[in-house]
Amino acid sequence: NTLDANGALDVAGSSTFASDITIGTGATVGFGSTAYFRDNAKVVLGDDEDLAIYHDGSDSYLTQEGSGTLHIRNTTNDEDIVIQSDNGSGGLANYIVVDGSTGSVELNHYGTKKFETTGAGVTVSGGLSVSGVSTFVGFATFSDYVFVQDGLNVAGIITATSFDGLGQIGVGSEGTFIGVGITMVDF
């Protein structure tokens, strides 16, 4: 039958509900410790059921099922957002770090920083492998070794301490090319 509690309802033992529970608009629900949801049971948020959090028995999901943008926010001053996963050895490693104190975003490989945004642009640690066309607008400086496999056409200024190429190197707008296999120092 119907239970109508107009005051506080204190249940000391376990309660099982065989059907839906509806909490009124503006009501607050508090949990003293843990709320359990079985496999495929979703925590659904929004009037149009736009956001869902659930586990399907194998994988876990945070899904935006309606319209709008999914925002991940940390509004605490100078704090970060960190996305971690397995480090390949059973531990955890940071893979993406959004640094709230410096404004940088870093991408890591097994916890080792490889790419970081900075106030001046980006910093790449380790090697940079690019397939396809790369366009550099402005001044490019290479402080170590530059290797050209199939050709380099320069329409601006490049400064490099060492330059070695197997392909052709085009210099300037006149179409001047230096032949295959040329090593240049102070060029």
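Look up: the structure comes first, before these words.
Residues numbered from 1 in each chain as written. Predicted model: local features only at pLDDT ≥ 70, side-chain atom pairs only at ≥ 80, totals over all residues. Heavy atoms only, no water.

Some thoughts on the pattern of salt bridges
Applying the stated criterion to the full structure yields 3 salt bridges. Across the pair Glu106 and Lys113 runs a salt bridge, and its minimum N-O distance is 3.9 Å. Residue classification places Glu106 among the buried residues on the basis of a relative accessible area of 17%. For Lys113, a relative accessible area of 34% translates into the label partly exposed. Glu116 is the partner of Lys113 in a salt bridge, and the nearest nitrogen-oxygen pair spans 3.0 Å. By relative accessible area, Glu116 is classed as buried at 17%. Linked through salt bridges whose partners overlap, the residues forming this network are Glu106, Lys113 and Glu116. (Salt bridge = Lys/Arg side-chain N within 4 Å of Asp/Glu carboxyl O. Buried < 20%, exposed > 50% of the residue type's maximum accessible area, 1.4 Å probe, protein only.)

A word on unusual backbone geometry
Phi at Glu49 takes a positive value of approximately 55°, unusual for a residue other than glycine. Checked against the element boundaries, Glu49 lands in the loop between strand S1 (43–45) and strand S2 (51–55). (Helix = DSSP H or I, 4+ residues; strand = E, 2+ residues; numbered from the N terminus.)

Here we look at the packing of aromatic side chains
Centre-to-centre distance and the angle between the planes together describe a pair of aromatic rings. Overall, the coordinates contain 2 aromatic pairs when judged by the stated rule. Taken together, a centroid distance of 5.0 Å and an interplanar angle of 20° make the contact between Tyr54 and Tyr61 stacked. With a relative accessible area of 17%, Tyr54 lands in the buried category. A ring pair is formed by Tyr95 and Tyr110, whose centres lie 6.3 Å apart and whose planes are at 65°; its orientation type is edge-to-face. Of this pair, Tyr95 sits in strand S5 (residues 92–98) while Tyr110 sits in the loop between strand S6 (105–109) and strand S7 (112–118), and the two are 15 residues apart along the sequence. (Phe/Tyr/Trp six-rings, centres within 6.5 Å; stacked < 30°, edge-to-face > 60°.)

Focus on the sheet that holds strand S4 (residues 81–86)
Across the sheet, 5 strands lie side by side as S4-S5-S6-S7-S8; this open sheet has antiparallel pairing. Of all the strands in the sheet, just S4 and strand S8 (121–124) have a single pairing partner and so form its edges. The average undirected angle you get between the axes of adjacent strands in this sheet is 20°. Of the pairings in the sheet, the one linking S6 to S7 comprises 4 bridges and is antiparallel in character. From the neighbouring strand, Asn108 faces S7, where its bridge partner is Lys113. (Pairing = 2+ DSSP bridges. Axes fitted to C-alpha atoms, helices over the stretch in contact; angles between N-to-C directions.)

Regarding the side chain of Asn108
Following the sequence through the fold, Asn108 ends up in strand S6. Looking at Asn108, the relative accessible area reads 9%, which means it is buried. Looking at Asn108, its side chain comes within polar contact range of the main-chain oxygen of Asn94, at 3.4 Å. A polar contact of 3.0 Å, which involves the side chain of Asn108, links it to the backbone nitrogen of Lys113. Residue contacts for Asn108: discarding those within four places in its chain leaves Asn94, Tyr95, Ile96, Val97, Lys113 and Lys114. (Polar contact = N/O pair within 3.5 Å; in protein donor to acceptor, adjacent residues only side chain to side chain. Contact = heavy atoms within 4.5 Å.)

Thoughts on the environment of Gly121
Secondary-structure assignment places Gly121 in strand S8. For Gly121, a relative accessible area of 31% translates into the label partly exposed. Residues Gly121 and Ser104, 17 residues apart in the sequence, show an inter-C-alpha distance of 9.9 Å.

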